[in-house]
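One letter stands for each residue in the lines below.
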Amino acid sequence: MQYSERHLKQWVILYLSQDGRCALCGGALTDETGSHNHNLVYRMHGGTDALSNRVLLHPHGHQ
Ligand SMILES: [Zn+2]
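None of these values were measured; they are calculated from a predicted model.

A.B. asks: Give me the pattern of salt bridges: which residues, what numbers.
C.D. replies: Going through the model one piece at a time under the given rule, you end up with 3 salt bridges. Ionic pairing is found between Glu-5 and Lys-9, a salt bridge with its closest N-O pair at 3.9 Å. Pair noted here: Glu-5 and Lys-9 are both in helix 1 (residues 2–17), with a separation of 4 residues, about one helical turn. With a shortest N-O distance of 2.6 Å, Arg-54 and Asp-49 are connected by a salt bridge. Taking the relative accessible area as the measure of exposure, Asp-49 reaches 31% and is therefore partly exposed. What you see here is one network of salt bridges that share partners, running through Arg-43, Asp-49 and Arg-54.

Written out as structure tokens, the structure is:
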């Protein structure tokens with residue numbers, strides 16, 4: 001599964017660049033809290049899947 005392997009690498013890069021913390025609340029991202037790979041600019045608004053357009057958040061729920 002090439003897709004999931006690439007996805008995992010991107011996740012690790014984001015996780016390390018954010019110091020293992022949620023971009024929204026600053027709390028630690030753990031296996032228990034889970035995490036959500038979030039597009040800053042939604043693809044429907046022209047955002048891309050590039051890492052610069054992504055952050056990791058807890059699954060806070062979407063407002
Ligand atoms: Zn959070």
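Right, picking up where we left off after that structure.
A.B. asks: Could you give an account of the environment of His-7, with specific residues and numbers?
C.D. replies: Here His-7 is to be found in helix 1. Given the relative accessible area of 30%, His-7 is considered partly exposed. Sequence-wise, His-7 and Asn-37 are 30 residues apart; in three dimensions their C-alpha atoms are separated by 9.6 Å.

A.B. asks: Can you break down the pairing of strand 2 (residues 54–57) residue by residue, with the values?
C.D. replies: Side chains Arg-54 and Leu-56 of strand 2 all project onto a buried face; the interleaved residues Val-55 and Leu-57 project onto the opposite face, where all are buried too. Bridging between strand 1 (residues 36–39) and strand 2 involves 4 bridges; their strand directions are antiparallel. Paired with His-36 across the two strands is Leu-57, which belongs to strand 2.

Basis of the calculations
- Residues numbered from 1 in each chain as written.
- Predicted model: local features only at pLDDT ≥ 70, side-chain atom pairs only at ≥ 80, totals over all residues.
- Heavy atoms only, no water.
- Salt bridge = Lys/Arg side-chain N within 4 Å of Asp/Glu carboxyl O.
- Helix = DSSP H or I, 4+ residues; strand = E, 2+ residues; numbered from the N terminus.
- Buried < 20%, exposed > 50% of the residue type's maximum accessible area, 1.4 Å probe, protein only.
- Pairing = 2+ DSSP bridges.

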